[in-house]
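In case you want the letters, here they are:
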Amino acid sequence: MTKKNLLVAGALLATLGAALIGGTSAKAAEGAPIPPAQEWSFSGAFGTFDRAQLQRGFKVYREVCSACHGLKYLSFRNLAQPGGPEFSEEQVKALAAEYQVTNATPNDEGEIFQRPGRPADRFPSPFANDAQAAYANGGKAPPDLSLMGKARTYERGFPLFIIDMFSQYQEQAPDYIHAIMTGYVEHPPEGFSGVAYNKYFLNNAIAMVQPLHDGQVEYPKNADGRAVVPETIDQYGKDVAAFLVWAADPHMEARKRLGMQAILFLIVMSGLMYFTKKKIWKRAHAEEHA
Ligand code: HEC
């Protein structure tokens, strides 16, 4: 091995070592089982959102979760942008108008006033402030869900974390949200005295009562009158998790597309560079051997 090769090999080993150590040093959430991995249309380098799923997930958020959870970084108009649920402009206008929002500036008499929402407005939060939110929920404020589709992460442990390095697994957050939705236990162990018992919540005592029940949210129907997908906790959980992933990363599709284009460009560029190099050095080689 030449000196240069040794250096390269050393650097590679160091990187791999750092990845391995990094993978084990962060502690897994103690006591809580690892959420099972679900199938997501948006996973991987080519993954995209399923529009119909995002629309259903939004329906679940709106009809169930929005009673307690805000979505403060999302504007109504985001729902019509490409790469998301892609509701029509008219749908979004009508939807925004159903909400009452606080106007940013006071009226002529100096009073802050409420008015029907417009597409450019952000989603109003269900509570005036965190203290009120906590008071209404037995002491724990329901967190804003804008970034929840990215926020929750955990170690998946050996050997999964090694596989994950190659498969680019990044769906901890939606897997976790789905697991929380489906993880309620009807009969908690004896002696448990919390609000609710959830298999996947840290220490199991969660202050959120089970939000979803089979048949609770009506889904679009096929011609034969049956729902396009099952109206079950499991399916609601997947749909709302997918919606929250989009809400936390509304430009994911554009970002992945750009990444792919950059890689394609680099491949073509390397080819061109290779042949250019060969051409330029051809004469030098020829002269050397002359
Ligand atoms: C009745 C009010 C209420 C409703 C409805 C509700 N939640 Fe919650 N949620 C809470 C509260 C309170 C917490 C804080 C729980 C805690 O920290 O113990 C919470 C916490 C959460 C968390 C965070 C868990 C964590 O790891 O900290 C997620 C995710 C969540 N809710 C998702 C949802 C989704 C999705 C829906 C709709 C399907 C929903 N919630 C409906 C009250 C609610």
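Residues numbered from 1 in each chain as written. Predicted model: local features only at pLDDT ≥ 70, side-chain atom pairs only at ≥ 80, totals over all residues. Heavy atoms only, no water.

The protein is annotated in an unreviewed UniProt entry as Cytochrome c1 from Hohaiivirga grylli. The Subcellular location (unreviewed entry) field of the UniProt record for the protein holds the comment "Membrane". (UniProt positions renumbered as here; feature names shortened; annotations may be inferred.)

Draft legend 1. Focus on the overall build of the protein. When helices and strands are counted, the protein shows 9 helices and 4 strands. Tracing the protein from N to C terminus, the helices and strands come up as α-α-α-β-β-α-α-α-α-β-β-α-α. Carbon and sulfur atoms provide 59% of the accessible area of the protein, an area that totals close to 18,400 Å². (Helix = DSSP H or I, 4+ residues; strand = E, 2+ residues; numbered from the N terminus. Areas by Shrake-Rupley, 256 points an atom, 1.4 Å probe, with all protein chains shown as cover.)

Draft legend 2. Molecular detail of the environment of Phe42. On the secondary structure map, Phe42 appears in the loop between α1 (3-25) and α2 (51-63). Setting aside anything within four residues of it in sequence, one finds Phe42 in contact with Gly47, Thr48, Phe49, Glu171, Pro174, Ala242, Val245, Met252 and Lys256. (Contact = heavy atoms within 4.5 Å.)

Draft legend 3. Quick peek at the coordination of the iron atom of the ligand. Every protein donor of the iron atom of the ligand is accounted for by His69 (NE2) and Met208 (SD), and the metal-donor separations fall at 2.0 to 2.1 Å. Every donor counted, the 6 donor atoms about the iron atom of the ligand form angles of 84 to 178 degrees at the centre, which fits octahedral coordination. With His69 in the loop between α2 and α3 (89-97) and Met208 in the loop between β4 (205-206) and α8 (233-248), the pair connects residues that are 139 residues apart, well separated along the chain. Overall, Met208 belongs to the partly exposed group, its relative accessible area being 24%. (Donors = N, O, S within 2.8 Å, 3.2 Å for Na, K, Ca; no water. Tetrahedral: all angles 85-135°; square planar, octahedral: opposite > 155°, others 65-115°. Buried < 20%, exposed > 50% of the residue type's maximum accessible area, 1.4 Å probe, protein only.)

Draft legend 4. View of the site of the ligand. Around the ligand sit 19 residues, and of these Cys65, Cys68, His69, Tyr176 and Met208 come closest. Between the ligand and the protein, one listed contact pairs an oxygen atom with a side-chain N or O atom of Arg152 at 2.8 Å. Ala207 places a main-chain nitrogen or oxygen 2.8 Å from an oxygen atom of the ligand. In terms of residue class, the shell around the ligand is made up of 15 nonpolar, 2 polar and 2 charged. (Near = heavy atom within 4 Å. Polar contact = N/O pair within 3.5 Å; in protein donor to acceptor, adjacent residues only side chain to side chain. Nonpolar A, V, L, I, M, F, W, Y, C, P; charged D, E, K, R; others polar.)

Draft legend 5. Examining the nonpolar core more closely. Within the largest apolar cluster, 48 residues are counted, with the highest numbers of intra-cluster contacts made by Leu79 and Phe243. With 10 residues, α8 is the single largest residue contributor to this core. For Leu79, the contacting residues outside a window of four places in its chain are Phe58, Pro85, Glu86, Phe87, Val92, Leu95, Phe123, Phe243 and Trp246. (Core = buried A, V, L, I, M, F, W, Y, C linked by side-chain atoms within 4.5 Å.)

Draft legend 6. Summary view of the packing of α2 against α8. It is at 7 Å that the axes of α2 and α8 come closest, and there the two elements cross at 100 degrees. Considered as vectors, α2 and α8 are oriented roughly perpendicular to each other. Each of Gln53, Leu54, Arg56, Gly57, Phe58, Val60 and Tyr61 in α2 lies in contact with α8, whose residues at this interface are Gln235, Tyr236, Lys238, Asp239, Val240, Ala242, Phe243 and Trp246. Residues belonging to the contact of α2 with α8 are distributed by class as follows: 9 nonpolar, 3 polar and 3 charged. (Axes fitted to C-alpha atoms, helices over the stretch in contact; angles between N-to-C directions. Parallel < 35°, antiparallel > 145°, perpendicular 65-115°, else oblique.)

Draft legend 7. Spatial organisation of a positive patch on the surface. Residues Lys277, Lys278, Lys279 and Lys282 make up a contiguous surface patch of positive charge. Among the secondary structure elements, Lys277 is positioned in helix α9 (residues 252-289). (Patch = residues over 30% accessible without salt bridge, like charges linked within 9 Å, V, L, I, M, F, W, Y side chains within 5 Å. Salt bridge = Lys/Arg side-chain N within 4 Å of Asp/Glu carboxyl O. Lys, Arg positive; Asp, Glu negative; His and termini not counted. Charge placed at Lys NZ, Arg CZ, Asp CG, Glu CD.)

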